[in-house]
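Spelled out, the chains give:
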Protein chains: 2
Amino acid sequence: MKFVTLANGTPDGRLHIASRDGELAVPAQNAVTLQQALETWADNASVWQEQYEMLNAGEAAGAQALSSDNVLAPLPRAWQWLDGSAFETHALLLQKAWGQPEVGLNDRPLMYQGLSDRFLAPGATAMFPSASDGIDFEGEYGVILDAVPMGTKAEDAARYIRLVVLINDWSLRALGPIEMATGFGWLQCKPACGIAPLAVTPDELGAAWKNTRVCLPLQVRLNDEEFGRTNGDEMKFGFDELIAHAAYSRNLPAGTILGSGTVSNSNYESAGSSCIAERRAIETIKHGEARTAFMQHGDRVLMRTETEAGDNLFGDICQTVNVMDRQ
Amino acid sequence: MKFVTLANGTPDGRLHIASRDGELAVPAQNAVTLQQALETWADNASVWQEQYEMLNAGEAAGAQALSSDNVLAPLPRAWQWLDGSAFETHALLLQKAWGQPEVGLNDRPLMYQGLSDRFLAPGATAMFPSASDGIDFEGEYGVILDAVPMGTKAEDAARYIRLVVLINDWSLRALGPIEMATGFGWLQCKPACGIAPLAVTPDELGAAWKNTRVCLPLQVRLNDEEFGRTNGDEMKFGFDELIAHAAYSRNLPAGTILGSGTVSNSNYESAGSSCIAERRAIETIKHGEARTAFMQHGDRVLMRTETEAGDNLFGDICQTVNVMDRQ
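The structure displayed is predicted, hence computed values, not measured ones. (Residues numbered from 1 in each chain as written. Chains lettered and ligands numbered in written order. Predicted model: local features only at pLDDT ≥ 70, side-chain atom pairs only at ≥ 80, totals over all residues. Heavy atoms only, no water.)

## A short note on the overall build of chain A
The number of helices and strands found in chain A is seven helices and 20 strands. For 327 residues, the compact-globule formula gives about 20 Å, and the C-alpha radius of gyration of chain A, at 19 Å, lands near that figure. Seen along its three principal axes, the alpha-carbon backbone of chain A occupies a region of about 60 × 45 × 35 Å. Among the 327 residues that make up chain A, the fraction classed as buried is 61%. Taking all contacts inside chain A whose residues are at least 6 apart in sequence as the whole, residues at least 24 apart take part in 72%. Taking the average place of the 25 positive charges on the side chains of chain A and the average place of its 42 negative ones, the gap between the two points comes to 3 Å. (Helix = DSSP H or I, 4+ residues; strand = E, 2+ residues; numbered from the N terminus. Rg over C-alpha atoms; globule rule 2.2 N^0.38 Å. Buried < 20%, exposed > 50% of the residue type's maximum accessible area, 1.4 Å probe, protein only. Contact = heavy atoms within 4.5 Å. Lys, Arg positive; Asp, Glu negative; His and termini not counted. Charge placed at Lys NZ, Arg CZ, Asp CG, Glu CD.)

## Quick notes on the confidence of the model for chain A
When pLDDT is averaged across chain A, the result is 96; 100% of the residues are at 70 or more. Across the whole predicted complex the pTM is 0.97, and at the interface the ipTM reaches 0.97. (pLDDT = per-residue confidence, 0-100.)

## Remarks on the relation of the copies chain B and chain A
Least-squares fitting of chain B to chain A yields an RMSD of 0.0 Å, with the superposition described by an axial translation of 0.0 Å and a rotation of 180°. Such a combination of turn and shift is consistent with a two-fold rotation axis. By C-alpha distance to the rotation axis, the residue of chain B lying nearest is B:Gly185, at 2.0 Å. By residue overlap, the copies meet face to face through one surface: 100% of the interface positions of chain B are interface positions in chain A. (Least-squares fit on C-alpha atoms with pLDDT ≥ 70 in both.)

## As for the domain arrangement of chain A
All names here are of chain A. According to the domain assignment, chain A consists of domain 1 (2-70) and domain 2 (81-323). If you average the C-alpha positions of domain 1 and of domain 2, the two centres end up 26 Å apart. Contacts between the two partners involve 13 residues from domain 1 and, on the opposite side, 15 residues from domain 2. Both faces combined, the contact of domain 1 with domain 2 buries some 1100 Å², and carbon together with sulfur accounts for 63% of it. Counting every contact that joins domain 1 to domain 2 gives one salt bridge. Residue Arg-20 pairs with Glu-204 through a salt bridge whose shortest N-O separation is 3.1 Å. (Domains from an automatic or database assignment. Buried area = accessible area lost by both parts, 1.4 Å probe. Salt bridge = Lys/Arg side-chain N within 4 Å of Asp/Glu carboxyl O.)

## Here's the deal with the packing of aromatic side chains
Enumeration over the complete set of coordinates arrives at 21 aromatic pairs over all chains. Here A:Phe3 and A:Trp48 contribute two aromatic rings whose centre-to-centre distance is 5.8 Å and whose plane-to-plane angle is 85°, an arrangement assigned as edge-to-face. Taken together, the residues A:Phe3 in strand β1 (residues 2-6) and A:Trp48 in helix α2 (residues 41-56) connect sequence positions 45 residues apart. Assigned by exposure class, A:Phe3 and A:Trp48 land together as buried. Measuring from centroid to centroid gives 5.6 Å for B:Trp41 and B:Trp48, while their planes differ by 65°, and the two rings are edge-to-face. Here the two residues B:Trp41 and B:Trp48 agree in accessibility, since each one is buried. Ring-pair connections join several aromatic residues into one group, and the members of that group are A:Phe3, A:Trp41 and A:Trp48. (Phe/Tyr/Trp six-rings, centres within 6.5 Å; stacked < 30°, edge-to-face > 60°.)

## Some thoughts on the interface of chain B and chain A
Accessible area lost when the parts come together is the quantity often used to give the size of an interface. Across the boundary between the two partners, chain B contributes 44 residues, which contact 44 residues of chain A. Approximately 4200 Å² of surface area, both sides summed, lies buried where chain B meets chain A, with 61% of it carried by carbon and sulfur atoms. Contact with chain A buries area across many residues of chain B, yet B:Trp79, B:Phe184 and B:Leu187 alone supply 22% of it, more than any other trio. On inspection of chain B and its partner chain A, the count reaches two salt bridges. The salt bridge partner of A:Glu179 is B:Arg108, with a shortest N-O separation of 3.6 Å.

## Some details on the packing of helix α3 (residues 88-97) of chain B against helix α7 (residues 276-287) of chain B
Residues and elements named next belong to chain B. Closest axis-to-axis distance for the α3/α7 pair is 9 Å, and the angle between their directions is 50°. Considering the angle they form, α3 stands oblique to α7. Handedness of the α3/α7 crossing: left-handed. For the pair α3 and α7, contact is made by His-90, Leu-93, Leu-94, Lys-96 and Ala-97 and by Ala-277, Glu-278, Ala-281, Ile-282, Thr-284 and Ile-285, respectively. For the contact of α3 with α7, the per-class residue count stands at seven nonpolar, two polar and two charged. (Axes fitted to C-alpha atoms, helices over the stretch in contact; angles between N-to-C directions. Parallel < 35°, antiparallel > 145°, perpendicular 65-115°, else oblique. Left-handed = near helix turned anticlockwise from the far one by under 90°. Nonpolar A, V, L, I, M, F, W, Y, C, P; charged D, E, K, R; others polar.)

## Points about the pairing of strand β1 (residues 2-6) of chain B
Two faces, one strand: in a regular strand the side chains alternate between the faces of the sheet. Residue and element names in this part refer to chain B. The buried fraction of β1 is high, at five of five residues. Alternating positions in β1 separate into two faces, Lys-2, Val-4 and Leu-6 on one and Phe-3 and Thr-5 on the other, with burial throughout. In this structure, β1 lies alongside strand β2 (residues 14-18), joined through five bridges in antiparallel fashion. Within β2, the residue paired with Lys-2 across the bridge is Ala-18. When β1 meets strand β13 (residues 199-200), the two strands line up antiparallel, connected through two bridges. From the neighbouring strand, Lys-2 faces β13, where its bridge partner is Val-200. (Pairing = 2+ DSSP bridges.)

## Focus on the side chain of B:Arg77
You can see B:Arg77 is positioned in the loop between β4 (64-65) and β5 (81-84). At 2.9 Å, the side chain of B:Arg77 and the side chain of B:Asp12 are in polar contact. Leave out the neighbours within four places in its chain, and B:Arg77 touches A:Trp79, B:Pro11, B:Asp12, B:Ser116, B:Asp117, B:Arg118 and B:Phe119. (Polar contact = N/O pair within 3.5 Å; in protein donor to acceptor, adjacent residues only side chain to side chain.)

Given below as structure tokens:
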């Protein structure tokens, strides 16, 4: 199944079922919002499945064409957003470029809690205080969860994964090292994220959903130029392990969004990167200096994931940078 | 004004106006929950003020006696919980005990985002995975905010402070250094916080509300023994400065809760501490070893703030530790 949330003047929008090709939508029965759907999933999933099949068969009454104009993030706000960093190549490249010990990831997942009271619409303009903060995108995969009890182990965790999403985790790179050095983690350097329009059930990925990993290339284009096609299959920790880490000392509420961290591959010479900071690290290692600039006012990033059959799985993130301080 | 939220079977409870002495309550008019009240404050504050005055005069129809049995946290869940660390003595003591450079706080506030989908009731049992994680309380003051626009400066920030609260920020100390070393900050080491029953407007503090600081002693008792009476007046950064820090690159939604961090005083020999970790640091500096144990199953912590006139300003936090792994 695929879900999409349309603007209706409320903070949470109106939940719709989207067709597999992302062209059509009908209002979801028995749930006004995705949060409500997640809280009543067991009771209603079969109803939504039927709506989905009717829509794909061209038989759903009242189907409307989906327009990017009124699409919100699938969950326009959530009770919790936990972001991991589960790709070892990303860690190794940044460690090497920054002259740190090249230890990669250790045996504990890295994770922080980020802003979740607002997720940007996939086509939204993203507002930032200043271009001097090093504005960067981060392409990553995420899962949206059912309620997870405290103490859940990794081997029991996959059952709580309801939906898979594509996320643009905006980052202000100049603030990152300052906030990391305090040990308190990231706050100012992590503004609101964007999410692609379609939240999909794992079965939509077919064989590309393996060991709770999204084994598909995440395409990134910066100002219409190819930037990366990194595959999610190299996640060191699966989403099952990230869930267990997150739930060690807390119950996770239904609607928790959990991120993989920047998707990154060991064949980065051909795959490229899904954030500017990683490309700058590669340039620094290779040339002794970073050559790619961070984003400026008006710059645009596009993110998309296609299935092996060439279908646009989540729809597009296409966001433009708006800098408040342009003196 | 004072607000209290009573259990009614819903996640957000039912908002009531409480009398100044915390003995009586009536359902708030025009808002079912505190979140709704914060979102409609300008329209309704005068109505609640009138309810409050009637209640204090003994003239409110339908007033009920407040019982600790059905009191929830004032905001049982919030869109955002940002916790600072604004007391320099606390930082200096821990730095000294841990053999780190004694630099105190620098000129940027320390802050992380914590779990906000659930705040424990003031009388709740608090569940933890294991006593080996170093279970500790942290007494601190907090403010609940109106919506704050991104980029708000400290000199404009005080106007967004709607309510003042007393918070017990539970911490798992054995996990703290591990999570700080990653630079990603705290996640597993910060389970759900408790909040005292009464959320009060700043005017209730009278002269004890100075420069957006709570200049009153925070009393802590551990298993009925006095543990600390630390005053909030030594906050290096006021709540106004913490708001500006938090809002640098994000809009803060109405209902954001912002914490001061562990209240701590330079005269700690007489004032004591508001967390065990700080007392252990003092013991380590003095005796070469920590002597006070972290909390065990069944241990109980009480927190209370009295005004200069001796009134119980926020009501009591009284929480008992429940450890899941008691083998």
